[in-house]
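Each chain is listed here by its residues.
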Amino acid sequence: MNLSSTIKSIQDIMRKDDGVDGDAQRLGQLTWMLFLKVFDQREEEWEDDNTKYKSPLPERYRWRNWAAYVPDKEGKKKPQIAASELIGFVNNELFPALKEQIDASRSPSHKVIKQVFEDANNYMKSGPQMLAVIEKLEDAINFHDFKTRASLGDVYEQMLNDLRGAGNAGEFYTPRAITAFMADRVNPSLTKRETVLDPACGTGGFLTAVIEHFRNQITAHSSAEDQRAIEALIRGIEKKQLPHLLCTTNMLLHGIDVPSQIEHRNTLGRGWNDWAAHEKVDCLITNPPFGGYEDDGVGSDYPADLKTRETADMFMALIIKKLLRENGRAAVVLPDGFLFGDGIKGTLKKLLLRDCKLHTIVRLPKGVFAPYTTIKTNLLFFTKGAVVDDGTEHFHTDTIWFYEHPYPKGYKSYSKTKPIRLEEFKPEQDWWGDAANNFADRVENAFAWKVDFKTKREQAEAAAQPHWQHAEELNNAAAKLEGEANNLRKSLVGTSDAAYREKIDAQIAELRAQAEPLRLQARDAQAAGDRIYWPIFNLDIKNPNAPEEETHDPDVLLVKYKKLLGEIEETENQLKSELAAALAHHFTDVEAADA
């Protein structure tokens, strides 16, 4: 039986167990068992390399000392714990020991074990079924065998892919084609020892893509230190227990000996000012959870203009301001709602375009993340700019390139059986160009176009400035009147003359009555300027080079009809205005001649 069939048979065994409910629990159960099995075999390798190696696990709870089948007197392999005692041992001894007796501060390995098991659970209730799973793992998985190790990685990724049909657990998975393409375009350098972070790493899809990208840079001339450096260059943070467990095991399967840099905590739960400058990274690649909201209190210390509870927005604020160092490169998956959203999303986009150079947005079609979501998503690629603190705003983004990723020929959507494939991104890779020359070689085509953001911004600022200036003048005038009223109010202190107080109160009321309409006019003027300025941060820009798709959808046709009526009315009004102006000029000339 091959490895893939073995994993399927293990899942079938778990389906018979009353304690395991659903694909997510089956995967969680299999993963902690697989983790201990793989970790034990990795320990055998470390022991061969270092005779003084000491396991972070208490001796009694290493896989080899309770789960592994051992030969009896007749040479037949037998379990070390009887089926009738196994569940009690796991629930009452193994898990309490791994949750409570491991001191995470002793070493990175201790930290890994502690984080893996602090929220892990044993769902199985049947000793015979658990023994059957252990026997399958013992027979099928020999991590010392290179072919098994390689195929296990593939099977494991298939298991993660299968989670896409497991309800909410599907949020953990990003298609491999997306992770590989984003890692390839960000292009972290092993030679330069560039650090890479995924602050919402899930099961580790982006990190495994980065590991492969680093290993592809190793040549016959590379040193042993290059191989060892990979482990120190990748960093991940994951809030939820199951994806963290999956990610940690995924790292072991991909040759990361001590994945202690995969932290089990909430990135967003850390205080805004607790992030230190030395924690910033060279490269950041992530698909932050979108559409969700953090608990009350999380993010309460964010700057006032960036306060929000929406997860993707909070991640973007952190990425721009706290996680990416100067000239650092990032690739982030975000939904269409971020591109066209206003309010806090508008503020974040202004921050992104000001503090970073947003050079490329790859627009993905629907279905890439189905069935978890059918929302259209985008890949944003940007570089952190240098900080200029001279009291004025400096925008690092001048030109934004868009690339609309098309469906393969014959496709109308993606699905679990027809996922997006890496080779589909070959046109984008060929078109991409080089950041070193500011992507000068890029050309527009049926799928690629650019937006001159600098010109749009300058024109909008010029048009909005008179309104803002008028708002400032009105506010200053109102403030002057309010200041006079306050001074008059102070002059009443200690005065008991009723007639005098009545006279001053009347003057104060008059001043405030004059100030109030000025404030209202100032708000209107500010709003008029904002209506001109803020639309430039709408990045939901359609492909101008694509032929308009013919549609027979009545709702779409109705919208187009109403839009056309509006354009006709606007044209009529313009014609009337021009005609009136022309006739007025004619009558003025006639009247002048008569005179």
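Data block above holds the structure.
The shown structure was predicted, so the numbers you read here are calculated from the model rather than taken from an experiment. (Residues numbered from 1 in each chain as written. Predicted model: local features only at pLDDT ≥ 70, side-chain atom pairs only at ≥ 80, totals over all residues. Heavy atoms only, no water.)

A. Structural context of the packing of helix α2 (residues 22-49) against helix α10 (residues 241-253). Following both chains from N to C, one finds α2 and α10 inclined at 35°, their axes separated by 9 Å at the closest point. Of the two possible hands of crossing, α2 and α10 adopt the one that is left-handed. Note on element contacts: α10 touches α2 through L242, L245, L246, T248, T249, L252 and L253, opposite A24, L27, G28, T31, W32, L34, F35, V38, F39 and R42. Within the contact of α2 with α10, the residues separate by chemical class into 12 nonpolar, 4 polar and 1 charged. (Axes fitted to C-alpha atoms, helices over the stretch in contact; angles between N-to-C directions. Helix = DSSP H or I, 4+ residues; strand = E, 2+ residues; numbered from the N terminus. Left-handed = near helix turned anticlockwise from the far one by under 90°. Contact = heavy atoms within 4.5 Å. Nonpolar A, V, L, I, M, F, W, Y, C, P; charged D, E, K, R; others polar.)

B. Quick peek at the pattern of salt bridges. Here the structure, examined in full by the defined rule, presents 31 salt bridges. Close ionic contact of D12 with R15 constitutes a salt bridge, the shortest N to O distance being 2.7 Å. With D12 and R15 both in helix α1 (residues 3-15), this residue pair falls 3 residues apart, about one helical turn. You can call D12 partly exposed: its relative accessible area is 40%. D505 is the partner of R489 in a salt bridge, and the nearest nitrogen-oxygen pair spans 3.2 Å. On the criterion of sequence distance, the pair formed by R489 in helix α15 (residues 453-491) and D505 in helix α16 (residues 498-533) is long-range, its members being 16 residues apart. When its relative accessible area of 36% is taken as the criterion, R489 is described as partly exposed. Assessed through its relative accessible area of 32%, D505 is described here as partly exposed. Taken together, the shared-partner salt bridges in this structure form one network comprising D40, E43, E47, E59, R62 and R64. (Salt bridge = Lys/Arg side-chain N within 4 Å of Asp/Glu carboxyl O. Buried < 20%, exposed > 50% of the residue type's maximum accessible area, 1.4 Å probe, protein only.)

C. Local environment of unusual backbone geometry. Unusually for a residue other than glycine, R193 sits at a positive phi of about 55°. Residue N327 is not a glycine yet carries a positive backbone phi of 70°. Position of N327 among the secondary structure elements: in strand β7 (residues 324-335). You can call N327 exposed: its relative accessible area is 54%.

D. View of the nonpolar core. Counting 50 residues, the largest nonpolar core has L284, M316, L358, L380 and F382 as the members making the most contacts within it. Among the elements that take part in this core, helix α11 (residues 311-323) stands out by supplying 9 residues, more than any other. Among residues more than four places away in sequence, those in contact with M316 are V332, L334, F338, L348, L352 and F382. In this structure, L34, L86, A120 and L253 belong to the second largest nonpolar core, which totals 47 residues. (Core = buried A, V, L, I, M, F, W, Y, C linked by side-chain atoms within 4.5 Å.)

E. View of the sheet that holds β7. If you trace the 9 strands from one edge of the open sheet to the other, you get β5-β4-β3-β6-β7-β9-β8-β10-β11, paired in mixed fashion. The strands lining the two open edges of the sheet, one partner per strand, are β5 (262-264) and β11 (448-452). On average, each strand axis in the sheet is tilted by 15° relative to the strand beside it, whichever way the strands run. With 4 bridges connecting them, strand β8 (residues 356-363) and strand β10 (residues 399-404) associate as parallel partners. Across the sheet, I361 pairs through a bridge with F402, a residue of β10. Packing against the sheet, α15 makes contact with β10 and β11, and its axis sits at approximately 30° to β11. (Pairing = 2+ DSSP bridges.)

F. Expanded view of the pairing of β10. In the sheet, β10 pairs with β11 via 5 bridges, with the strands oriented antiparallel. Each residue of the ladder has a partner; that of T399, found in β11, is D452.

G. View of a nonpolar patch on the surface. Together, L558, Y561, L564, L565 and I568 make up a nonpolar patch on the protein surface, roughly 460 Å² of accessible area in all. When you line up the elements, L565 lands in helix α17 (residues 554-594). Owing to a relative accessible area of 39%, L565 belongs among the partly exposed residues under this scheme. (Patch = residues over 30% accessible without salt bridge, like charges linked within 9 Å, V, L, I, M, F, W, Y side chains within 5 Å. Areas by Shrake-Rupley, 256 points an atom, 1.4 Å probe, with all protein chains shown as cover.)

H. Representation of α10 within the structure. The end-to-end C-alpha distance of α10 is 18 Å, a good match for the 18 Å that 13 residues give at a rise of 1.5 Å each. Extensive coverage of α10 is indicated by the burial of 13 of its 13 residues. One or two residues past the end of α10 sits G255, with phi positive at roughly 85°. (Expected span 1.5 Å × (residues − 1).)

I. Summary view of the side chain of R442. In this structure, R442 sits in the loop between α14 (426-431) and β11. In this structure, R442 is in contact with H359, T360, W401, W431 and W432, ignoring residues within four places of it in sequence.

J. Molecular detail of a negative patch on the surface. On the surface, E567, E569, E570 and E572 cluster together into a negatively charged patch. On the secondary structure map, E572 appears in helix α17. What makes E572 partly exposed here is its relative accessible area of 43%. (Lys, Arg positive; Asp, Glu negative; His and termini not counted. Charge placed at Lys NZ, Arg CZ, Asp CG, Glu CD.)

K. Highlighting the environment of A471. Take A471: it is sitting in helix α15. Measuring from C-alpha to C-alpha, the distance between A471 and A522 comes to 4.1 Å, with 51 residues separating the pair along the chain. Once you skip the residues sitting within four places of it in the chain, A471 turns out to touch A522, A525 and Q526.

L. The arrangement of the packing of aromatic side chains in detail. In this structure the tally under the stated criterion is 29 aromatic pairs. For the ring pair F381 and W432, a centre distance of 5.0 Å and an interplane angle of 80° mean the geometry is edge-to-face. Of the two residues, F381 is situated in strand β9 (residues 377-384) and W432 in the loop between α14 and β11; the sequence distance between them amounts to 51 residues. Judged by relative accessible area, which is 2%, F381 ranks as buried. Taking relative accessible area as the criterion, W432 reaches 5% and is therefore assigned buried. When the centroid spacing of 5.2 Å and the interplanar angle of 75° are considered together, the rings of W468 and Y533 count as edge-to-face. Of this pair, W468 sits in helix α15 while Y533 sits in helix α16; the two residues are 65 residues apart in sequence, bridging distant segments of the chain. Y533 matches W468 in its accessibility class, with the two residues each being buried. (Phe/Tyr/Trp six-rings, centres within 6.5 Å; stacked < 30°, edge-to-face > 60°.)

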